[in-house]
Amino acid sequence: MHGSTLVSATAEKDPMDANAHAMTRPGAGADADLELELVAARAPFFTALGKWVRHQPLGALSGGGVIVMILIAVLAPHLAPFDPVAAHYDNMAAAPSFEYWLGTDQFGRDLMSRVIWGARTALFIGFTSAILGSTLGLVFGVTSAYFGGWFDLLFQRVMDVFLAFPLIIMALAVVAIFGTGPGNVIIAITIPFVPRCARVVRSNALTIREMPYVDAARALGYGHLRIILRHMAPNCMAPYLIMLTTFLGQAILLEAALSYLGLGVQEPIPAWGLMLQGGAEEYAESAPWIAIFPGLAITLAVFAFNLFGDSVRDTLDPKLRAR
Amino acid sequence: MKNIRLKAAYAIIASIAIGMGSVGAVAAATPKHGGILQFVVPDEPPSYDGHRETTFAMIHPIRPFYSLLIRVNPDNPSSTSDFVCDICEGKVPAPTDGGKTYTFKIRKDVKFHNGDKLLAQDVVATYQKIIFPPEGIVSARKAYYVMVDSVTAPDHFTVVFKLKYPSGAFIPALAVPFNFIYQKSQLDQDMHWYEKNINGSGAFRFKEREAGAVIRGVRNPDYFVKGRPYLDGYDAIFAKKESLRVQAIRGDRAAIEFRGFPPKSRDDLVKALGKDITVEESDWNCVLLTTINHKHKPFDDVRVRRALTLAVDRWGGSEYLSKIAIVKTVGGIVFPHHNLAATRKELEQIAGYWPDIKKSRAEARKLLKEAGVDLSKTYYFNNRAVDQPYKIVGTWLIDQWKQVGLKFEQHVFPTGPFYDMLRQKKEYDVSADFNCQSVVNPLVDVSKFLSDDRSGSQYGQWQDREVDALYDKMNQSGDPKEQRKLMRQMEKLTLDTHANSFITLWWNRIVPHRSYVKGWKISPSHYLNQSLDNVWLDK
């Protein structure tokens, strides 16, 4: 029967993918990939992880960065030296010093504390919208492929309409309708992700729909919902995870962009884009640290998530793996 | 002998040098003709009709095309009581008939830009439109003239205003810079004509408009003040982003922005341009206040509203915020330094202005406890998506309320939706609000604090008949001392006893401009003193 975990799903496809690889680029590399996949299927977690780290050093590095970021976000109350919203009016726009390691902003708020707490805002919004967007995309994509016919046709045209708008424009439109604030920013970022994920998942689900076990499930009289959620969706995990990791970086960047434009989270919530908006233009010359540190945080976070997403894709996508 | 001759020679050279210096000084003070003044404007005018618009985006590029009946003295625009004739003759007339009749003599040498003579009938038609607008015609400041009974023209060069009762608010209301004098024949044909067209009698004539870019004016050779204007013309360049406007002045692509910059931009310009930049500052007849929604619990309770104002450290805030925002002066409901304004000593008697902020916040906490306010709840603060000064002061206010345990979440909207929330939806607990006026006229300006069925600009949904009665009594009193006493009572009720609404800080106008711009003087409003007829370029 079909597997319901990533490892077993990957293992099921191994022989075909390995053959293809050996035909296009015979040699030691193909053997190594094959070995990695087999080990991934059978070996203990840490051995598989070690192999993956050796094959994806950049991915591992970025994965480490992501873990550090998550730790910073989780431990923010213990790591931040000051309350991130407490204004110290005697130290407005103060340069980095022993007291304020990254300096203070125009209200005298400690930048280091705000950058640390900002990780929490970025990750909360990033993870929530990426998970929501890709999960809804998974469900819609599989449903569309499963039913096919006029439903699929109509559904895909609706998706086309959404896909016609660039991510940021779509998010801006949604914020304009729903308003600002963390909840609405999550909605604004989630909505443009859904059709992107649905489109990718659908193409995978179209193949799965023709598999004998789906026919078997139908023959056994299972309902549509059960077939979609328990038999098809789990087998679309690879594209789902690839999209999810890709969306994480994009979501953080979108949140920062919306906040920078004044349409995301609002003061005094610590958020990187908002910190840029407050200081980038007016204080660029006299207090550049106000813009530099949140800018750096955004850059590193997006870079880490994008690299990590690429590595996940390289590992899970059979086509890329065969190259 | 030789020494004497040398001394004499030095004396002569010194005299010549001093003489030349004096001439130079005189020459520097003597206005020069010519040149195009380029200034930046943050927004474009919604229409050209002064009577319907309320924005500086219309005043700055359009006001130089028009004349007024009277205006704030351009040589003394900081004064709150110095008015001079524009198209009327002589001095601003004193009232007759026990203060109920004002008779204006109109100059005989005023011409519209289309060549027609300006007559008293044009002035009457203009004020009929402003004070008694027909249906379908918007007159934004109609309420300023509730005391006017009639406007008539007994002859071609005389205009008579008859009032229902004597009012000290009448003359300042006449000097409002939006009261452009229109031509009667044009209004008779189409009351909406001036929304899209320009035909004034001001110092400049309309040349062209490039949508989204610039409005250009050229010198009016028939201007009724001989020798004016000094400029050959002006370019009003539209630039929405503040950084762009600052850079325009820094790079000498524009000489001035009349609305005002925040302190940081001033400092950057001064640092970069040194003596090439001149900074003018003034108290601004604009106040940022908070409107409390009296229909939302727990803010229907006067103790909670008092706690809100008691939590705010205005004296400290003035010091800190004036470094980063365009707010500065601590004041009550009246424009600071006006005769009717409260002194510091008087202010310190009002809740929220106490000199000891610790005592004030302790009282706020006590009141919140007494009122049983749920401090775990987050309340809704509505704000406008404009940095200066709204978002900065909003962020500061949230910090101030946090000091007494009140949590607010800031919801920020662009201007349209912000107004919609403030005026229509009213889903907020507390909202940022403002009261910006042109001519300083406290008797009219404080109408913001009347009951909502009387004010027209009060959105907190309260009714306070005690305040209304004091306002009426004050407006019909001819005695300044009595007016001042009544104003104090109205202020105490509004800000303290009933805590209907409260003031944060008054705005501070900072206009850094190229030093070669001469003749323009800062006023307490960005709407005032924008005719540009006395501006010249010392290049």
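Provided above is the structure to which this section pertains.
For clarity, every value in this text was computed on a predicted model and none was experimentally measured.

Participant: Teacher, can you tell me more about the overall build of chain B here?
Facilitator: When helices and strands are tallied, chain B shows 18 helices and 17 strands. In terms of overall size, chain B behaves like a compact globule, its C-alpha atoms giving a radius of gyration of 26 Å where 539 residues would be expected to give roughly 24 Å. Dimensions of chain B, computed from the C-alpha atoms along their principal axes, are close to 90 × 70 × 50 Å. The burial tally for chain B puts 48% of its 539 residues in the buried class.

Participant: Explain the sheet that holds strand β8 (residues 214-219) of chain B here, please?
Facilitator: Residues and elements named next belong to chain B. Spatially, four strands are ordered β1-β9-β8-β7 in an open sheet, and the strand pairing comes out mixed. The sheet is open, and its two edges are formed by β1 (36-41) and β7 (204-210), each paired on a single side. Here the average twist between neighbouring strands, direction ignored, is 20°. Where β8 meets strand β9 (residues 233-238), five bridges bridge the pair, whose relative direction is antiparallel. Looking across to β9, one finds that Val214 is bridged to Ile237.

Participant: Would you explain the packing of helix α4 (residues 57-74) of chain A against helix α6 (residues 111-147) of chain A in this entry?
Facilitator: When two helices pack together, their arrangement is given by the angle between the helix axes and the distance between those axes. Residue and element names in this part refer to chain A. Packing of α4 against α6 leaves a shortest axis separation of 8 Å and a crossing angle of 110°. For the element pair α4 / α6, the angle class is roughly perpendicular. Between α4, through Met69, Ile70, Ile72 and Ala73, and α6, the contact on the second element is made entirely by Ile116, Ala119, Arg120 and Leu123. Looking at the contact of α4 with α6 residue by residue, the classes come out as seven nonpolar, no polar and one charged.

Participant: Help me understand unusual backbone geometry in this model?
Facilitator: Note: most residues except glycine have negative phi, and most peptide bonds are trans. Going from A:Glu267 to A:Pro268, the amide bond is cis rather than trans, its omega being 5°. Topologically, A:Pro268 is positioned in the loop between α12 (237-260) and α13 (272-279). Residue B:Pro298 is reached from B:Lys297 by a cis peptide bond, and omega for that bond is 5°. Within the secondary structure, B:Pro298 sits in the loop between β10 (277-292) and α9 (302-310). One non-glycine residue, B:Asp252, adopts positive backbone phi at about 60°. When the 12 C-beta atoms within 10 Å are taken as the criterion, B:Asp252 is described as exposed.

Participant: Is there a simple way to explain the interface of chain B and chain A in this structure?
Facilitator: Where the parts come together, the accessible area they lose is often given as the size of the interface. Each partner contributes residues to the interface: chain B has 15 residues there, and chain A has 18 residues. Sorting the residues of the side of chain B that touches chain A by element identifies α8 (263-273), α13 (387-402) and β13 (407-413) of chain B as the ones contributing at least two each. Take the side of chain B that touches chain A: its biggest share by element is four residues, from α13(B). Within the side of chain B that touches chain A, the residues separate by chemical class into five nonpolar, five polar and five charged.

Participant: I tried to follow α13(B) on my own but got confused; where do I start?
Facilitator: Every α-helix winds through 3.6 residues per turn, so residues three or four apart in the chain are directed the same way. A rise of 1.5 Å per residue sets the reference length of α13(B), with its 16 residues, at 22 Å; its end C-alpha atoms lie 21 Å apart and thus fit the reference within 8%. Among the 16 residues in α13(B), 14 count as buried, and that is most of the element.

Basis of the calculations
Residues numbered from 1 in each chain as written. Chains lettered and ligands numbered in written order. Predicted model: local features only at pLDDT ≥ 70, side-chain atom pairs only at ≥ 80, totals over all residues. Helix = DSSP H or I, 4+ residues; strand = E, 2+ residues; numbered from the N terminus. Rg over C-alpha atoms; globule rule 2.2 N^0.38 Å. Buried ≥ 20, exposed ≤ 12 C-beta atoms within 10 Å, placed from the backbone. Pairing = 2+ DSSP bridges. Axes fitted to C-alpha atoms, helices over the stretch in contact; angles between N-to-C directions. Parallel < 35°, antiparallel > 145°, perpendicular 65-115°, else oblique. Contact = placed C-beta atoms within 7 Å. Nonpolar A, V, L, I, M, F, W, Y, C, P; charged D, E, K, R; others polar. Expected span 1.5 Å × (residues − 1).

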